[in-house]
Amino acid sequence: MKKRKMPIWIKVILGVIGALLFVVVGYLLYLLISYKRLPDEIKLVINPPKNGTVLEMAETDKEYSIITNNLGFGAYTPDFSFFMDGGKSSVAESKESVVATINGAADMVYKMEPDFALFQEVDLDSTRSYHVNQYDMLADTFDTYTSNFAVNYDSAFLFYPFLEPHGKSKSSLATFSKYEMTSALRRSLPISTSFSKFFDLDRCYSITRIPVEGGKELCLYNVHLSAYGNSDEIRAGQIGMLCGDMKADYEKGNYVICGGDFNHDLKNKEFDPENEYSWAYPFPREMLPENF
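Calculation criteria
Residues numbered from 1 in each chain as written. Predicted model: local features only at pLDDT ≥ 70, side-chain atom pairs only at ≥ 80, totals over all residues. Heavy atoms only, no water. Buried < 20%, exposed > 50% of the residue type's maximum accessible area, 1.4 Å probe, protein only. Helix = DSSP H or I, 4+ residues; strand = E, 2+ residues; numbered from the N terminus. Contact = heavy atoms within 4.5 Å. Pairing = 2+ DSSP bridges. Salt bridge = Lys/Arg side-chain N within 4 Å of Asp/Glu carboxyl O.

S.K.: Just checking my understanding: could you explain helix 3 (residues 134-141) for this structure?
M.R.: Counting along an α-helix, one turn takes 3.6 residues, and residues three or four places apart therefore face a common direction. Within helix 3, six of the eight residues are buried, which leaves the element mostly enclosed by the surrounding structure. In the core, the buried residues of helix 3 are packed alongside helix 2 (95-111), strand 3 (116-123), strand 4 (146-154) and strand 5 (170-177).

Dropping the structure here:
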């Protein structure tokens with residue numbers, strides 16, 4: 001007897017299912033093969049002022065100003081809503097919008113004439129921000145400052161949302177100073193070690209050391225902690241590590257300032273009991289070392 005031919009519509013359905021399985025398996029293999037973590041304790045390059053300004057040493061008994069600003073990878077125009085916050089957008093509106101937003105933020109901070117400036121979500125080469133190197137843009141504006149940047153995460157291509165993938169992200173923390181820097185270090189924060197690590201971003205903080213008259217150092221900690229529902233264990237591990245390093249510097253007699261994006265609600269209910277916490281987890285002030 002002759003075998004009955006499979007109907008064409010079944011062949012089409014099986015072909016579509018096979019193609020989808022191929023794409024899914026291929027993407028999972030890509031995540032497995034490309035997964036990597038940046039090593040801990042990376043020494044950062046100190047970049048001198050672009051205009052050749054000769055920098056002075058910081059002093060004691062003098063008032064200085066410091067500003068911190070999350071640039072939001074140049075995407076946050078007034079109508080932008082991020083998909084991981086329940087919004088609609090996964091990439092910036094356009095390359096021109098990214099350039100305008102970064103220049104606007106840089107000019108705003110520069111006009112305040114801070115002695116030190118800490119920036120987060122400074123993209124270096126990301127799909128979401130049209131591969132604009134935002135650190136170079138900041139360095140052009142802050143051309144009288146010395147600076148460094150620490151790569152916070154260099155992620156694999158995120159194929160989600162499907163109609164407008166977030167893509168590959170290489171983002172950094174950038175620190176600028178009107179005063180001499182002697183060294184800077186990137187510290188890797190603990191993140192998930194389960195399967196979710198393939199979808200979790202690297203996190204870090206940088207420690208920039210600025211010599212102060214008298215032999216001590218001003219230690220600027222620039223941080224961007226994890227968000228979006230990480231476990232209590234990871235949250236405690238990140239803050240515990242950060243506090244441990246700050247405490248060690250303080251006990252050496254150095255001056256320590258930490259700023260950045262903590263991805264926590266920093267309101268203090270002890271002083272503001274009527275103020276409800278937002279979506280963010282309350283910052284565990286009890287974990288801070290003494291004198292902080």
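S.K.: What's the story with the pairing of strand 8 (residues 216-224) in this structure? I'm lost.
M.R.: The side chains of a regular strand alternate, first on one face of the sheet and then on the other. Within strand 8, seven of the nine residues are buried, leaving the element largely enclosed by the surrounding structure. Of the strand pairs in this sheet, strand 7 (residues 204-212) and strand 8 are connected by nine bridges, and their pairing is antiparallel. Residue pairing for strand 8: Arg209 is matched across the bridge by Cys219. Linking two consecutive strands that pair antiparallel, namely strand 7 and strand 8, is a turn of three residues; a positive phi of about 105° is found at Gly214 within it. Pairing between strand 8 and strand 9 (residues 255-261): seven bridges, direction parallel. Bridged to Leu218 within strand 9 is Tyr255.

S.K.: Honestly, the pattern of salt bridges in this entry has me stumped. Any pointers?
M.R.: Two side chains of opposite charge can pair, provided their charged atoms sit close to one another. Scanning the model with the defined rule gives ten salt bridges in all. A salt bridge links Arg187 to Asp40; its shortest N-O distance comes to 2.8 Å. One end of the pair, Arg187, is in strand 6 (residues 183-188); the other, Asp40, is in the loop between helix 1 (8-34) and strand 1 (42-43), with 147 residues separating them in the sequence. Judged by relative accessible area, Arg187 falls into the buried class, the value being 12%. On the basis of relative accessibility, which here comes to 34%, the residue Asp40 falls in the partly exposed class. Across the salt bridge formed by Arg209 and Asp249, the nearest N and O atoms sit 2.9 Å from each other. Highlighted residues: Arg209 in strand 7 and Asp249 in helix 4 (residues 232-251), separated in sequence by 40 residues. Looking at Arg209, the relative accessible area reads 19%, which means it is buried.

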